[in-house]
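# Remarks on the overall topology
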Amino acid sequence: MPELSPEIMQAIQASWPIILMGVIFYFLLYRPQKKEQQRRQELLNNLKKGERIVTIGGLYGTITALNEKTVTIKIADKVEVDVARTAVSHNQNQPKP
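The following refers to the structure shown. (Residues numbered from 1 in each chain as written. Predicted model: local features only at pLDDT ≥ 70, side-chain atom pairs only at ≥ 80, totals over all residues. Heavy atoms only, no water.)

### Topic: the overall build of the protein
Which entries qualify depends on this criterion: By the criteria applied, helices consist of DSSP H or I runs no shorter than four residues and strands consist of E runs no shorter than two, each listed in order from the N terminus. Each residue gets one of three labels from its accessible area relative to the maximum for its type: buried under 20%, exposed over 50%, partly exposed in between, using a 1.4 Å probe on protein chains only. In what follows, residue pairs with any heavy atoms lying within 4.5 Å of each other are defined as contacts. Residue exposure ignores everything except the shown protein chains as possible cover, and the areas themselves are Shrake-Rupley values with a 1.4 Å probe. Asp and Glu are treated as the negative residues and Lys and Arg as the positive ones, with His and the ends of the chain left uncounted. To locate a charge, take atom NZ for lysine, CZ for arginine, CG for aspartate or CD for glutamate.
The secondary structure content of the protein amounts to one helix and five strands. Its helices and strands in sequence order give the protein the pattern α-β-β-β-β-β, from N to C terminus. With the C-alpha coordinates aligned to their principal axes, the bounding extent of the protein is approximately 80 × 20 × 20 Å. By the burial criterion, 18% of the 97 residues in the protein qualify as buried. Contacts in the protein between residues at least 24 apart in sequence constitute 34% of all its contacts with a sequence separation of at least 6. For the protein, the computed accessible surface area is about 7,800 Å², with 59% contributed by carbon and sulfur atoms. Of the side chains in the protein, 13 bear a positive and 9 a negative charge, and the two mean positions are spaced by 9 Å.

### Some thoughts on the environment of arginine 40
Considering the arrangement of structural elements, one finds arginine 40 in helix 1 (residues 6–45). Judged by relative accessible area, arginine 40 falls into the partly exposed class, the value being 23%. In this structure, the C-alpha to C-alpha distance between arginine 40 and histidine 90, residues 50 residues apart in sequence, is 8.5 Å. Discounting chain neighbours no more than four positions away, the residues touching arginine 40 are Ile56, Thr86, Ala87, Val88 and Ser89.

### Digging into the side chain of threonine 72
When you line up the elements, threonine 72 lands in strand 3 (residues 70–76). By relative accessible area, which is 14% here, threonine 72 ends up buried. Excluding residues that lie within four positions of it along the chain, threonine 72 makes contacts with Thr62, Ile63, Thr64, Ala65, Glu80, Val81 and Asp82.

### Some remarks on the sheet that holds strand 1 (residues 52–55)
Pairing between sheet strands relies on hydrogen bonds along the backbone, with the strands arranged either parallel or antiparallel. Keep this limit in mind: DSSP calls a pair of strands paired once it identifies at least 2 bridges connecting them. Axis geometry follows a simple rule: fit a line to the C-alpha atoms, using only the stretch in contact for helices, then measure angles between N-to-C directions, giving values from 0 to 180 degrees.
With antiparallel pairing, the five strands of this open sheet are ordered in space as 4-3-2-1-5. Edge positions in the sheet fall to strand 4 (79–84) and strand 5 (88–91), since each of these pairs with one other strand and no more. For this sheet, the mean angle separating the axes of adjacent strands, direction not counted, is 45°. Where strand 1 meets strand 2 (residues 60–66), three bridges bridge the pair, whose relative direction is antiparallel. The residue of strand 2 that forms the bridge with isoleucine 53 is glycine 61.

### Structural notes on the pattern of salt bridges
Defined as follows: The salt bridge criterion pairs a side-chain nitrogen of Lys or Arg with a carboxyl oxygen of Asp or Glu, the two atoms within 4 Å.
With the rule as written, the count across this model stands at one salt bridge. Across the pair glutamate 36 and arginine 39 runs a salt bridge, and its minimum N-O distance is 2.8 Å. Taken together, the residues glutamate 36 and arginine 39, both in helix 1 and three residues apart, mark about one turn of the helix. Given a relative accessible area of 31%, arginine 39 falls into the partly exposed group.

### Concerning the nonpolar core
Let me state the cut-off plainly: Grouping buried Ala, Val, Leu, Ile, Met, Phe, Trp, Tyr and Cys residues that are joined through side-chain atoms within 4.5 Å yields what is termed a nonpolar core.
Counting eight residues, the largest nonpolar core is built from Leu44, Leu47, Ile53, Ile63, Val71, Ile73, Val83 and Val88. Setting aside residues no more than four positions away along its own chain, leucine 47 makes contact with Ile53, Ile63, Leu66, Val71, Arg85 and Val88.

### Some thoughts on the packing of aromatic side chains
Where we set the bar: Any two of the Phe, Tyr and Trp rings considered here, Trp counted by its six-membered ring, make a pair once their centres fall within 6.5 Å; the pair's planes then place it as stacked at under 30 degrees, edge-to-face at over 60, or tilted in between.
Scanning the entire structure with this criterion turns up two aromatic pairs. With 5.0 Å between their ring centres and 85° between their planes, tyrosine 26 and phenylalanine 27 make a pair best called edge-to-face. Through successive ring pairs, a cluster of aromatic residues spans Tyr26, Phe27 and Tyr30.

Structure below.
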């Protein structure tokens with residue numbers, strides 16, 4: 001193996017902290033965010049009529065109708081509210097992660 005010149009060795013030594021920061025950024029920020037995004041998308045895609053949900057605003061209710069972009073939830077007797085599908089926080093039957 002040929003010897004590396006001092007300039008190349010110096011460049012390698014100077015760049016390893018940047019590479020290390022990139023690896024840390026990936027494992028501490030990007031990867032967990034991506035997993036959470038996939039979990040949330042799966043939750044929104046698997047919503048079904050009759051499920052108990054909680055919205056981001058704190059409304060508890062039962063799904064009575066589903067649309068591509070909206071969800072109709074029953075929050076009390078004779079009271080139904082349309083909310084955006086993305087406003088669903090979590091399914092009340094499943095534990096919040």
